[in-house]
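Spelled out from the first residue to the last, the chains are:
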Amino acid sequence: MKIIMLGAPGAGKGTQAKQIAEKYHIPHISTGDIFRANIKNGTQLGKEAKKYMDQGMLVPDELTTNLLVDRIKNADCENGYVLDGFPRTIPQAECLDQALAKMDDAVDYAINVDVPDENIIRRMSGRRACLSCGATYHIQYHPPKADNTCDVCGSQLVLRDDDKPETVKKRLEVYHGQTQPLMDYYAAKNILIQVDGTQDIEKVFADIVQVLGE
Ligand code: AP5
């Protein structure tokens, strides 16, 4: 099963992608997490990506696409994967389709987690992220068991640099301009699934499972 998660920044793509990965035993591949790991490790890719991420801009397609296309050729992707944060532009979607076509393959579902902009800024200011293992929490809707500490690996949780309200506004602008057109792209292929992302996390997941099957 090859799944793409679509939705505005903070819509809950990562939250749902992690649960899909666990239930269907496929890897969760987040380009945002890959970039953040590179920033943390001080790699050249991380330094380059940070320049864009801190401003709420997209990392250029050529850096992102090669990285993703290489990743999905790994052995753990044989039975599928859930892509979170990729593609984000029409050229990225076309590159992915071309790479898959060479393997005689195609995306099965593009799931759009729909949340209006008004809800997004509130959500982002409450998000806390673990930069060590990629786990995500919310101080109100999905708190960690111990204050500011990751349940999974025990690292300290942080407010991401790009979750400050000014940067979130820029990310939303970029989303509407460059990423939202992907909805028409996947609707035209008849693989777009819409879910209401304003519901509780469990209810959003139940709606997704209803489409993907038990
Ligand atoms: P990325 O990490 O992909 O950020 P994003 O798309 O902006 O998405 P987020 O991770 O911010 O949010 P999410 O939708 O996963 O929400 P979450 O589940 O955490 O990318 C960051 C940057 O990297 C980009 O801006 C760009 O610069 C660069 N980049 C990455 N990929 C790229 C690409 N392909 N091309 C170019 N550049 C790229 O949930 C948010 C919060 O809400 C959490 O606190 C969560 O607990 C809470 N929550 C979730 N669901 C619910 C719910 N139903 N009810 C209440 N609270 C909820």
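See the structure printed just above.
Given the structure is predicted, the values throughout are model-derived calculations rather than measurements.

### A short note on the overall build of the protein
Argument step 1. When helices and strands are tallied, the protein shows nine helices and seven strands.
Argument step 2. With respect to the three principal axes, the spread of C-alpha positions in the protein is 45 × 40 × 35 Å.
Argument step 3. By residue count, 47% of the 214 residues in the protein fall in the buried class.
Argument step 4. Total accessible area on the protein is roughly 10800 Å²; 49% of this is exposed by carbon and sulfur atoms.
Argument step 5. Computed over 25 positive and 31 negative side-chain charges, the inter-centroid distance for the protein is 5 Å.

### With respect to the site of the ligand
Argument step 1. In the vicinity of the ligand, 36 residues are found, and the nearest of them are Thr-15, Met-57, Arg-88, Arg-127 and Arg-171.
Argument step 2. At a separation of 2.5 Å, an oxygen atom of the ligand approaches a polar side-chain atom of Thr-15.
Argument step 3. In the model, an oxygen atom of the ligand is placed 2.9 Å from a nitrogen or oxygen of the Arg-36 side chain.
Argument step 4. Out of a free accessible area of 1000 Å², the ligand has 97% covered by protein chains.
Argument step 5. Listed by contribution, the elements that provide at least two residues to the shell around the ligand are helix H1 (13–24), helix H2 (31–40), helix H6 (117–126) and strand E6 (136–138).

### Notes on the sheet that holds strand E1 (residues 2–6)
Argument step 1. An order of E2-E3-E1-E4-E7 is seen for the five strands of this open sheet, with the pairing classed as parallel. With partners counted over all chains shown, the strands left at the sheet margins are strand E2 (28–30) and strand E7 (192–196), one partner each. Sheet twist, expressed as the mean angle between neighbouring strand axes with direction ignored, is 25 degrees.
Argument step 2. Note: E1 against strand E3 (residues 81–84), four bridges, orientation parallel. What sits directly across from Ile-4, in E3, is Leu-83.

### Here we look at the pairing of strand E4 (residues 109–114)
Argument step 1. Pairing of E1 with E4, which is carried by four bridges, proceeds in the parallel orientation. By the bridge assignment, Met-5 is partnered in E4 with Ile-111.
Argument step 2. Taken together, the five bridges between E4 and E7 define a ladder with parallel strand orientation. When the sheet's bridge partners are listed, Asn-112 is paired in E7 with Gln-194.

### Describing the packing of aromatic side chains
To describe a pair of aromatic rings, you give the distance between the ring centres and the angle between the ring planes.
Argument step 1. Scanning all chains against the criterion turns up one aromatic pair.
Argument step 2. For the pair Tyr-185 and Tyr-186, a centre-to-centre distance of 5.0 Å together with 80 degrees between the ring planes defines the contact as edge-to-face. In this pair, the class of Tyr-185 matches that of Tyr-186, namely buried.
Argument step 3. In this structure, Lys-23 is placed above the aromatic ring of Tyr-24, and the distance from its NZ or CZ to the ring centre is 5.8 Å.

### Side note on H6
Argument step 1. Residues Asn-119, Ile-120, Arg-123, Met-124 and Gly-126 constitute the buried set of H6. Seen from one end, H6 has its buried residues packed into an arc of 155 degrees, which puts them on one side. Exposed residues pointing more than 90 degrees away from the buried face of H6 are listed as Glu-118 and Arg-122.
Argument step 2. Packed against the buried residues of H6 are strand E5 (127–129), E6 and helix H7 (165–179).

### Regarding the environment of Asn-79
Argument step 1. Here Asn-79 shows up in the loop between helix H4 (61–71) and E3.
Argument step 2. On the basis of relative accessible area, Asn-79 is assigned to the exposed category, the value being 60%.
Argument step 3. Sequence separation between Asn-79 and Ile-29 is 50 residues; the distance between their C-alpha atoms is 14 Å.
Argument step 4. Filtering out sequence-adjacent residues up to four positions away, Asn-79 remains in contact with Met-1 and Ile-26.

### Some remarks on the pattern of salt bridges
Argument step 1. In this structure the tally under the stated criterion is 15 salt bridges.
Argument step 2. Its salt-bridge partner being Lys-50, residue Asp-54 comes within 2.6 Å of it at the nearest N-O pair.
Argument step 3. Relative accessible area serves as the criterion here: at 30%, Lys-50 is assigned to the partly exposed category.
Argument step 4. Among the ionic pairs, Glu-173 bridges to Lys-170, the shortest N-O distance being 3.4 Å. Note that Glu-173 and Lys-170 are positioned in helix H7 at a spacing of three residues, about one turn of the helix.
Argument step 5. Residue Glu-173 is classed as exposed on the basis of its relative accessible area, which comes to 53%.

Scoring rules and cut-offs
- Residues numbered from 1 in each chain as written.
- Predicted model: local features only at pLDDT ≥ 70, side-chain atom pairs only at ≥ 80, totals over all residues.
- Heavy atoms only, no water.
- Helix = DSSP H or I, 4+ residues; strand = E, 2+ residues; numbered from the N terminus.
- Buried < 20%, exposed > 50% of the residue type's maximum accessible area, 1.4 Å probe, protein only.
- Areas by Shrake-Rupley, 256 points an atom, 1.4 Å probe, with all protein chains shown as cover.
- Lys, Arg positive; Asp, Glu negative; His and termini not counted.
- Charge placed at Lys NZ, Arg CZ, Asp CG, Glu CD.
- Near = heavy atom within 4 Å.
- Polar contact = N/O pair within 3.5 Å; in protein donor to acceptor, adjacent residues only side chain to side chain.
- Pairing = 2+ DSSP bridges.
- Axes fitted to C-alpha atoms, helices over the stretch in contact; angles between N-to-C directions.
- Phe/Tyr/Trp six-rings, centres within 6.5 Å; stacked < 30°, edge-to-face > 60°.
- Lys NZ or Arg CZ within 6 Å of the ring centre and 35° of its normal.
- Arc of directions from axis to C-beta.
- Contact = heavy atoms within 4.5 Å.
- Salt bridge = Lys/Arg side-chain N within 4 Å of Asp/Glu carboxyl O.

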